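Here is what each chain is made of, one letter per residue.
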Amino acid sequence: MSTFLDQDITCRSCGQHWTRPVATFLDEPEHLDKARSDLRSDRFQQFACPNCSQRVIAAWPLRWCDRRTRLWVAMLPDAAEVEWPRWEREVATMARWDIARDEAGGDDPAVWTLRLVFGLLALREKVLSHEAGLDDATLELLKLELLEAHPDLERVAAQRLRLVDVAATLLSFAARDRDGRWQGAASTRARYDAIRRDPDVWAEDRGWLVEGPYVDLGRQLIDPIGGTPQR
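Let me begin by describing the structure that accompanies this report. A quick note: this is a predicted structure, and the numbers were derived from the prediction, not measured.

Side note on the sheet that holds strand β7 (residues 113–118)
Stage number 1. With mixed pairing, five strands are arranged side by side in an open sheet as β1-β2-β5-β6-β7. Each edge of the sheet is formed by a strand with only one pairing partner; in this case those strands are β1 (3–10) and β7. Taken pair by pair, the neighbouring strands of this sheet meet at an average axis angle of 25°, ignoring direction.
Stage number 2. Where β1 meets strand β2 (residues 17–26), eight bridges bridge the pair, whose relative direction is antiparallel. Within β2, the residue paired with Thr3 across the bridge is Phe25.
Stage number 3. Sheet contacts for helix α1 (residues 29–40): β1, β2 and β5 (62–66); angle to β5, the most-contacted strand, approximately 115°.

What follows is the structure, encoded as structure tokens:
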């Protein structure tokens, strides 16, 4: 059963404090459908301050458990990403408890996609890509190409591209540049398909991307607490 817990929220603009329910676990179809729609329109877990109407993002830890598509995602706040090796080790245990509730015979973790993400943009990306039948490791490899070709983006974690839209022939991404401005990038589905069809060329990069449920360029771009070296 989906879980919504009262959380204390503070507006950074005016300092207003208030309490409202925030999703911490989603598995009921109607809640997942609503959350998916809100993610697409950039409204999920975002609330208007009752004092100044400023938008406030409530990115508390969340477990996404879609039994229809067999997608399980643990989302943690962006700030926790520097400890990704630690959290990655917890994914299998966290998912096992949720998946065990499956009444449709799908409680075998082997038939699920388990993922770890940090922040709402990364959650939206995983939900969109899974819904579209895209391989997220291939998407990360495509991002490497796009980063190299984009004049305003560097190969650093803060400027990682995130998938924002999937069309029949085009994949659209966005990222913030060093000045905090949004930059868009796009690729044809044909280029994605070409990377997917040529695993030997990308074997080394794909290998480190899929070492665990944290399938993200952060594996390479973030030097985590604990000393795991960058590749």
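Looking at unusual backbone geometry
Stage number 1. For Asp42, which is not glycine, the phi dihedral falls at a positive 60°.
Stage number 2. Here Asp42 shows up in the loop between α1 and β3 (46–48).
Stage number 3. The residue Ser53 is not glycine, and still its phi comes out positive at about 70°.
Stage number 4. A relative accessible area of 57% places Ser53 in the exposed class.

Looking at α1
Stage number 1. With 12 residues, α1 extends 17 Å between its outermost C-alpha atoms, agreeing within 8% with the 16 Å of an ideal straight helix rising 1.5 Å per residue.
Stage number 2. Regarding α1, the residues found buried are Leu32, Ala35, Arg36, Asp38 and Leu39. On an axial view of α1, the arc spanned by its buried residues comes to 165°, and they lie on one face.
Stage number 3. Packed against the buried residues of α1 are β2, β5 and α3 (120–131).
Stage number 4. The positive-phi residue at the C-terminal boundary of α1 is Asp42, with phi of around 60°.

Calculation notes
Residues numbered from 1 in each chain as written. Predicted model: local features only at pLDDT ≥ 70, side-chain atom pairs only at ≥ 80, totals over all residues. Heavy atoms only, no water. Pairing = 2+ DSSP bridges. Helix = DSSP H or I, 4+ residues; strand = E, 2+ residues; numbered from the N terminus. Axes fitted to C-alpha atoms, helices over the stretch in contact; angles between N-to-C directions. Contact = heavy atoms within 4.5 Å. Buried < 20%, exposed > 50% of the residue type's maximum accessible area, 1.4 Å probe, protein only. Expected span 1.5 Å × (residues − 1). Arc of directions from axis to C-beta.

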